[in-house]
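# Residue-level structural notes
The residues making up each chain are set out below.
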Amino acid sequence: MIFKSVGEGRPYPDHGLVSAKDWADVPPRQVRLDELVTTKRTLDLDVLLAEDSTFYGDLFAHVVEYQGVLYLEDGLHRAVRAALQQRPVLHARVLTLR
């Protein structure tokens, strides 16, 4: 399996970060794909296959660490691309909620 688990929705409290600008202060780091729990069950193939899918957004995926679990909030297409390229890690901005 690519991910630790496939989830639906965000089981953590609202953190208030909405835009890429909001996330810009969260430093990126590498995370293993097999440690991530997705917050979406579906992926739009247009987004996955688009050449410019990251051109207007953040270059990094957005991950929320809550109660020791890493939730992939945004960037499912980046994570799937990494898996298809047989890369076990993804660069992501990781926000830790206490």
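Our subject is the structure that appears above.
So, here's what we can say about the structure. (Residues numbered from 1 in each chain as written. Predicted model: local features only at pLDDT ≥ 70, side-chain atom pairs only at ≥ 80, totals over all residues. Heavy atoms only, no water.)

## Remarks on helix H3 (residues 76–84)
When H3 is considered as a whole, its buried residues turn out to be Leu76, His77, Arg78, Ala79, Val80 and Ala82. Note on H3: the residue one or two positions beyond its end, Gln86, has a positive phi of about 60°. (Buried < 20%, exposed > 50% of the residue type's maximum accessible area, 1.4 Å probe, protein only. Helix = DSSP H or I, 4+ residues; strand = E, 2+ residues; numbered from the N terminus.)

## A few points about the sheet that holds strand S6 (residues 89–97)
On the basis of which strands lie adjacent, the open sheet formed by 6 strands has the order S1-S3-S5-S4-S6-S2 and mixed pairing. In the strand order of this sheet, the two ends are held by strand S1 (5–6) and strand S2 (28–32), each with one partner. Pairing analysis gives 2 bridges linking S1 to strand S3 (residues 36–38), with the strands arranged parallel. Bridging from a neighbouring strand, Val6 pairs with Thr38 of S3. (Pairing = 2+ DSSP bridges.)

## A look at the packing of aromatic side chains
The tally for this structure, following the rule as stated, stands at 1 aromatic pair. Arranged with centres 5.5 Å apart and planes meeting at 45°, the rings of Tyr12 and Tyr71 form a pair that is tilted. In this pair, Tyr12 sits in the loop between S1 and helix H1 (20–23) while Tyr71 sits in strand S5 (residues 69–74), placing the two residues 59 residues apart along the sequence. According to the relative accessible area criterion, Tyr71 is buried, its value standing at 13%. (Phe/Tyr/Trp six-rings, centres within 6.5 Å; stacked < 30°, edge-to-face > 60°.)

## Structural notes on the environment of Val94
Secondary-structure assignment places Val94 in strand S6. Measuring from C-alpha to C-alpha, the distance between Val94 and Gln67 comes to 13 Å, with 27 residues separating the pair along the chain. In contact with Val94, other than residues within four places in its own chain, are Val26, Pro27, Arg29, Val31, Val63, Glu65 and Leu70. (Contact = heavy atoms within 4.5 Å.)

## Observations regarding the environment of Asp25
Looking at the secondary structure, you find Asp25 in the loop between H1 and S2. Remark: the alpha-carbon pair of Asp25 and Leu95, spanning 70 residues in sequence, is separated by 9.8 Å.

## Here's the deal with the nonpolar core
If you look at the biggest cluster of nonpolar residues, it comprises 15 residues, and the most contacted ones within it are Phe3, Val31, Leu33, Leu36, Val63, Leu72 and Leu90. Taken together, the elements giving at least two residues each to this core come down to strand S4 (61–66), S5, H3 and S6. For this core, the element with the highest residue contribution is H3, accounting for 4 residues. Core analysis: the next-biggest nonpolar cluster, separate from the first, contains 10 residues, Val26, Val37, Val64 and Leu97 among them. (Core = buried A, V, L, I, M, F, W, Y, C linked by side-chain atoms within 4.5 Å.)

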